[in-house]
Amino acid sequence: MNKLNVLVVDDDALARKVMGNHLKAHAVDFAEDKAGALKKIGENRYDVGFFDLMLGPGDDYSGLDIVSAAVERGVYPVVVSSSDSDEIVEKAYLRGCRDFYAKGNEEANVCDILRRYIHSRAAVKPEEIFSSRFVTADPATRATVLDALKYAPTDLPMLILGPSGSGKTALAGIIHDYSGRAGAFVAINCAAYTEDLLEAELFGYRKGAFTGADGSRKGRLLEADKGTLFLDEIGSMSLNMQTKLLKAIEEKTFHPVGSDKPEKSEFRIISATLDDPQRLIASGKMRFDLFQRIHGYTVTLPPLCRRPADIFPLIAHFTRNNRRLAFAPEAKAAMQSYAWPGNIRELRKFVELLSGGETGRIAAEAVNRRLKNSGVQAREHGSGGNDKLYSLALSEGLDAVIKRVSEDIIRRNLAENGGNKTKTMDALKISTRVLYASLPCDEKKSRRTDK
Amino acid sequence: MTDKAAETKTLHDIKSRCSSLKGAAELFKDCSAGEKKEMLALMKDAARDIAASLTELEKGI
């Protein structure tokens, strides 16, 4: 965190001492009355001011005048007072106070306030984010990201949903960078570990905790102290591990494997999953209480096929410092109609293949060949179905895809039979109920009119 | 100042001093020996102020 110039105004010497301790990472100055405070504010060198309102016996909220003076001089004014009636809180905000806290929880509140101040100073620059760190030209995706960034400086846990390769880790990193948190961004992919290894990785271990533990190791939870812990693919975590994680999140303490000494860590949690959390809960794969703990604010990132406008900005980004690519119009069309089931990760690999294996302007034939190869590889790895449907199933669920496929088949057969519903029911071996459930609303209406 | 207003101010003082005492107690164990001495002196002053405010309140009843 940057070193700030802070002014603390309080008539209570012990309160000044306590605040000084909480702010010792910064340059702190003190005043005990209105005159001293106004003189110091006049020096124009403070970033943030913490002001008590009643300064001395018989004082009539002179701290309010200090708030006004601070606002005039561009100091971020914060009131920390025991006078916290609704009337006084309102008066302070009317004078321009940015945050009002009742005395008594300074340790946590001071951290929150400074984080918020730093966030307000380092205003989010959308163009900077969307042209390099999270490349997107899609207005809906931009709005989703900017909304999520509003919660960056809070302690609220976040859950990022979206198919694999849609940018969940990149977004988590940006949220951390805009959080103002002093600690590190620590990411872990839960699917990459067995239960035992994940426990050792998250909580750390002591020498001799298990075979091969030749030394002690700090876990990711401790590495994320005062920072952000990003748990990717949290849906793959075992229920047993979820119970242990839940306890660590709730208590902010945990035991490294093989240790009876608890460790403490103040981390903010951001989780991500490509699964639907409600389905995970319904199928017994995710604890409801863990879900409650991790989904403070939920962000849903769309798959690449739903933001085709991003394909070429992403390609430009991937090739910025390498060989630049140009595409024939038919090649562009092929790329835009492709489903990109592996999303941005697949696009990046595709660009690497083209950069290394093609010369000159890229023709449609080269694009189709590479995309076809990519499809073959996907099938070899056990994925089934057409790419577009596969991608849709990942984003909207299998039921939605089955419904869409049924509707398409029924509509096509109806068209082939000139709209004759009886023929379609015979040809597709379906009941009247299934047929009408799949018909568009206007056709259902026309049926009612026919009757 | 009315009795009611005086009572409100006294209660404010008590709340304020108690908060400082609580904050100081939480920090105490992590202080150096020198800081502990300084902190203790301030804490004792705060405790005396609280006792005086309580006496004042008592008188008003």
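About the thresholds
Residues numbered from 1 in each chain as written. Chains lettered and ligands numbered in written order. Predicted model: local features only at pLDDT ≥ 70, side-chain atom pairs only at ≥ 80, totals over all residues. Heavy atoms only, no water. Buried < 20%, exposed > 50% of the residue type's maximum accessible area, 1.4 Å probe, protein only. Helix = DSSP H or I, 4+ residues; strand = E, 2+ residues; numbered from the N terminus. Contact = heavy atoms within 4.5 Å. Pairing = 2+ DSSP bridges. Axes fitted to C-alpha atoms, helices over the stretch in contact; angles between N-to-C directions. Buried area = accessible area lost by both parts, 1.4 Å probe. Salt bridge = Lys/Arg side-chain N within 4 Å of Asp/Glu carboxyl O. Polar contact = N/O pair within 3.5 Å; in protein donor to acceptor, adjacent residues only side chain to side chain. Nonpolar A, V, L, I, M, F, W, Y, C, P; charged D, E, K, R; others polar. pLDDT = per-residue confidence, 0-100. Core = buried A, V, L, I, M, F, W, Y, C linked by side-chain atoms within 4.5 Å. Parallel < 35°, antiparallel > 145°, perpendicular 65-115°, else oblique. Left-handed = near helix turned anticlockwise from the far one by under 90°.

**Points about helix α3 (residues 63-72) of chain A**
All names here are of chain A.
- What α3 keeps buried is the set Gly63, Leu64, Ile66, Val67, Ala69 and Ala70.
- Looking at the buried side of α3, the elements it contacts are β1 (5-9), α2 (34-41), β3 (48-51), β4 (76-81) and α4 (86-94).
- The first or second residue beyond α3 is Gly74, which carries a positive phi of 75°.

**Points about unusual backbone geometry**
All names here are of chain A.
- A positive phi is found at Tyr61, a non-glycine position, where the angle reads about 55°.
- Positionally, Tyr61 belongs in the loop between β3 and α3.
- Of note in the backbone geometry, Lys252 takes a positive phi value of approximately 60° without being a glycine.
- Following the sequence through the fold, Lys252 ends up in the loop between α11 (239-251) and β11 (253-254).

**Focus: the sheet that holds strand β2 (residues 27-31) of chain A**
Residue and element names in this part refer to chain A.
- Taken in spatial order, the five strands of this open sheet run β2-β1-β3-β4-β5, and their pairing is parallel. Each edge of the open sheet is held by one strand with a lone partner, namely β2 and β5 (99-102). Across the sheet, the axes of successive neighbouring strands diverge by a mean angle of 20°, strand direction being ignored.
- In this structure, β1 lies alongside β2, joined through five bridges in parallel fashion. Residue pairing for β2: Asn5 is matched across the bridge by Ala27.
- On top of the sheet, α2 reaches β1, β2 and β3; it is set at about 140° to β2, its chief contact.

**Topic: the interface of chain B and chain A**
- Counting from both sides, the interface comprises 19 residues of chain B and, opposite them, 18 residues of chain A.
- Between chain B and chain A lies a buried interface of about 1,700 Å² when both sides are counted; carbon and sulfur atoms form 56% of it.
- Broken down residue by residue, the surface that chain B buries against chain A is led by Lys9, His12 and Leu27 of chain B, which jointly contribute 31%.
- Between the two partners, chain B and chain A, sit three salt bridges.
- A salt bridge links Lys17 of chain A to Glu38 of chain B; the nearest nitrogen and oxygen atoms lie 3.2 Å apart.
- In this assembly, chain B and chain A are joined by nine residue pairs in polar contact (both at pLDDT 80 or more).
- Counting only elements with at least two residues in the side of chain B that touches chain A, the list comes to α1 (3-28) and α2 (33-60) of chain B.
- Considering each element in turn, the side of chain B that touches chain A owes the most residues, twelve residues, to α1 of chain B.
- A breakdown of the residues in the side of chain B that touches chain A according to their chemical character gives eight nonpolar, five polar and six charged.

**Remarks on the sheet that holds strand β14 (residues 297-300) of chain A**
Residues and elements named next belong to chain A.
- Spatially, β7-β10-β13-β6-β14 is the arrangement adopted by the five strands of the open sheet, whose pairing is parallel. On the outer flanks of this sheet lie β7 (185-189) and β14, each paired with one strand and no other. Across the sheet, the mean angle separating the axes of adjacent strands is 15° when strand polarity is ignored.
- Across four bridges, the pairing between strand β10 (residues 228-232) and strand β13 (residues 268-273) is parallel. Residue pairing in the sheet places Leu231 in a bridge with Ser271 of β13.
- Along the sheet, helix α7 (residues 139-150) makes contact with β6 (158-161) and β14, crossing β14 at roughly 160°.

**Side note on the side chain of Glu199 of chain A**
- By secondary structure assignment, the location of Glu199 of chain A is in helix α9 (residues 195-203).
- Setting aside residues up to four positions removed in sequence, Glu199 of chain A forms contacts with Gly204, Met241, Lys244 and Val257 of chain A.

**Details of the confidence of the model for chain A**
All names here are of chain A.
- Here chain A averages 86 in pLDDT, and 93% of its residues register 70 or above.
- Per-residue pLDDT, averaged within each element of chain A, yields its smallest value for helix α22 (residues 441-450) (48) and its largest for β6 (96).
- The low-confidence segment residues 445-451, where pLDDT is below 50, has one contact with residues more than four positions distant or belonging to other chains.

**Re the nonpolar core**
Residue and element names in this part refer to chain A.
- Of all hydrophobic cores here, the largest spans 29 residues; its most connected members are Leu202, Leu221, Leu231, Ile234 and Met237.
- Every element with two or more residues in this core is listed here: β6, β7, α9, α10 (220-223), β10, α11, α12 (277-282) and α13 (288-294).
- Of the residues forming this core, the biggest block, five residues, is contributed by α11.
- If we ignore the near neighbours within four places in the chain, the residues touching Leu202 are Ile188, Gly219, Arg220, Leu221, Leu231, Met237 and Met241.

**Focus: the packing of helix α6 (residues 126-133) of chain A against α7 of chain A**
All names here are of chain A.
- Interhelical geometry of α6 versus α7 gives an angle of 120° and a closest axis separation of 11 Å. Looking at the two axes, α6 sits oblique to α7. Crossing hand, α6 versus α7: right-handed. Counting all contacts with α6, which are made through Pro126, Glu127, Ile129 and Phe130, the residues of α7 involved are Arg142, Val145, Leu146 and Leu149.
- Counted by class, the contact of α6 with α7 contains six nonpolar, no polar and two charged residues.

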